[in-house]
Amino acid sequence: MSNWLKTIVLLIGSAFLTRWIPFSSFFRNLDTTIHEFGHAIVTLALSGRVMSIELYANHSGVTYSSVANNWSVIPISLAGYMTASLFAVFLFKMRARDNQRLGLQIMTLIGIVALVLFVRNEFGIMWLVGFIALNIVMLALVPRWLRDAYYLLLAFLTLEESVMVPISLVIYALQNPASAGDATNLARVTFLPAIFWAGLFTVFSLLCAKSAIQAFLGRRKPRPAKPQQPYPNYE
C-alpha cells in the first residue's frame with residue numbers, strides 16, 4: 001500500500017472513529033486555537049498588533065489585528081492553515097520519538113499564552129481554562145498509558161481537522177468566494193482567486209498529513225538512555 005493511500009485511509013478512518021468518542025467535539029477547538037495562534041505570532045513578528053482572538057463553539061475562530069503594510073496580510077493569512085498543519089506533524093513526530101509528554105507540555109504552554117495574551121471572548125476563555133486544566137491533570141496525575149492515549153486522540157483530531165477544514169474551504173471558495181476566510185483575504189491582496197489559495201492550503205495540509213502518518217506508522221525511537229558515570233576502580 002502506497003504512503004498516499006495509507007494517509008487517505010487513516011484520515012477517513014480517524015474522521016469516522018473520532019466522532020464516536022465522547023467529548024471529541026470539545027478537543028477539536030485545539031486545531032482552531034493553533035490556527036489563530038499562528039496568525040497572531042506572525043502578526044507580532046511583522047510588527048503588527050493583535051487586538052484579540054475569539055474562539056467559538058462551532059470550532060471556528062477569528063483573529064483581530066492591525067498591520068502597517070498591506071503586504072503583511074499575505075504571510076499572516078498563510079500562517080493559520082499552515083501552522084495548524086505543521087503542528088499536526090509536530091505532534092506525531094513527538095510521538096515517534098516517544099516524547100508525548102513534551103508535546104503535551106507545549107500544547108499546554110500555547111494554551112496559557114493564548115489565554116493570557118490574546119483570547120478575550122467568553123467561550124474561548126472557558127475552553128482554554130478547561131483544556132489547560134485537563135492537560136495538567138494528564139501530565140501530573142494519571143498513568144502513562146492513559147496520558148499517551150489522550151495525546152494520540154489530540155494528535156489525530158488535530159491532524160483530521162488540519163486537512164478537513166482546508167477541504168471545506170475549497171467548497172466555500174467555489175460556492176461563495178467572498179466567504180472563504182483566509183483565502184478571500186489573500187485573493188483581495190494578490191488578485192489570485194480564492195479557490196487557488198484554498199487549493200494551496202489543501203495540498204499543503206495533505207503533504208503534512210502524509211509526513212504525520214509516516215511518523216505514526218514508522219518505528220518509534222526510544223529516548224536515549226542517560227550515560228552511566230564510570231566508577232573508579234581501586235586496586
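Residues numbered from 1 in each chain as written. Predicted model: local features only at pLDDT ≥ 70, side-chain atom pairs only at ≥ 80, totals over all residues. Heavy atoms only, no water.

Each helix and strand in the protein was counted, giving nine helices and two strands. What you see in the protein, going N to C, is helices and strands ordered as α-α-α-β-β-α-α-α-α-α-α. Sorting the 235 residues of the protein into buried and exposed places 43% on the buried side. At a minimum sequence separation of 6, the contacts of the protein that also span at least 24 residues come to 70%. A total accessible area of about 12800 Å² is found for the protein, and carbon and sulfur atoms account for 67% of it. (Helix = DSSP H or I, 4+ residues; strand = E, 2+ residues; numbered from the N terminus. Buried < 20%, exposed > 50% of the residue type's maximum accessible area, 1.4 Å probe, protein only. Contact = heavy atoms within 4.5 Å. Areas by Shrake-Rupley, 256 points an atom, 1.4 Å probe, with all protein chains shown as cover.)

Time to look at the packing of helix α7 (residues 144–175) against helix α9 (residues 194–217). α9 packs onto α7 with a crossing angle of 160° between their chain directions and a minimal axis gap of 8 Å. In terms of orientation, α7 lies roughly antiparallel with respect to α9. The handedness of the crossing between α7 and α9 is left-handed. Contact with α7, carried on its side by Leu152, Phe156, Leu159, Ser162, Val163, Pro166, Ile167, Leu169, Val170, Ala173 and Leu174, involves Ala194, Ile195, Ala198, Gly199, Phe201, Thr202, Ser205, Leu206, Ala209, Ala212, Ile213 and Phe216 of α9 and no other residues of that element. Taken together, the residues of the contact of α7 with α9 sort by class into 19 nonpolar, four polar and no charged. (Axes fitted to C-alpha atoms, helices over the stretch in contact; angles between N-to-C directions. Parallel < 35°, antiparallel > 145°, perpendicular 65-115°, else oblique. Left-handed = near helix turned anticlockwise from the far one by under 90°. Nonpolar A, V, L, I, M, F, W, Y, C, P; charged D, E, K, R; others polar.)

On any regular strand, side chains alternate: one points to one face of the sheet, the next to the other face. Of the strand pairs in this sheet, strand β1 (residues 49–55) and strand β2 (residues 61–66) are connected by six bridges, and their pairing is antiparallel. Bridging from a neighbouring strand, isoleucine 53 pairs with threonine 63 of β2. Adjacent in sequence and paired antiparallel, β1 and β2 are bridged by five residues, among which histidine 59 carries a positive phi angle near 75°. (Pairing = 2+ DSSP bridges.)

So, on to the nonpolar core. Core analysis: the biggest nonpolar cluster contains 40 residues, and Leu104, Met107, Phe131 and Leu154 have the highest contact counts within it. Elements with a contribution of two residues or more to this core: α3 (29–45), β1, α4 (73–96), α5 (100–117), α6 (122–140), α7 and α9. Ranked by residue count, the leading element in this core is α7, at nine residues. For phenylalanine 131, the residues in contact, after removing those within four places along its chain, are Phe26, Phe27, Leu30, Met107, Tyr150 and Leu154. Ala173, Ala194, Ala198 and Phe201 belong to the second-largest nonpolar core, a separate cluster that totals 13 residues. (Core = buried A, V, L, I, M, F, W, Y, C linked by side-chain atoms within 4.5 Å.)

So, about the pattern of salt bridges. One pass over the full model with this rule turns up five salt bridges. With a shortest N-O distance of 3.2 Å, aspartate 148 and arginine 144 are connected by a salt bridge. In this pair, aspartate 148 and arginine 144 are both assigned in helix α7, four residues apart and thus about one turn of the helix distant. Of the residues examined, arginine 144 reaches a relative accessible area of 37% and is grouped as partly exposed. Two residues, aspartate 148 and arginine 147, come together in a salt bridge whose shortest N-O distance is 3.8 Å. (Salt bridge = Lys/Arg side-chain N within 4 Å of Asp/Glu carboxyl O.)

This part covers the packing of aromatic side chains. The description of an aromatic ring pair rests on the distance of the ring centres and on the angle between the ring planes. Applying the stated rule across the entire model yields nine aromatic pairs. Taking 5.7 Å as the distance between ring centres and 80° as the angle between the ring planes, the aromatic pair formed by phenylalanine 27 and tyrosine 150 counts as edge-to-face. Of the two residues, phenylalanine 27 sits in helix α2 (residues 24–27) while tyrosine 150 sits in helix α7, which places them 123 residues apart along the sequence. Its relative accessible area of 9% is what places phenylalanine 27 among the buried residues. With a centroid separation of 6.1 Å and 85° between ring planes, the pair formed by phenylalanine 92 and phenylalanine 216 is classed as edge-to-face. (Phe/Tyr/Trp six-rings, centres within 6.5 Å; stacked < 30°, edge-to-face > 60°.)

Time to look at a nonpolar patch on the surface. A surface patch of nonpolar side chains, about 420 Å² in accessible area, is lined by Leu174, Leu192, Ile195, Phe196 and Leu200. Relative to the elements of secondary structure, isoleucine 195 occurs in helix α9. Owing to a relative accessible area of 32%, isoleucine 195 belongs among the partly exposed residues under this scheme. (Patch = residues over 30% accessible without salt bridge, like charges linked within 9 Å, V, L, I, M, F, W, Y side chains within 5 Å.)

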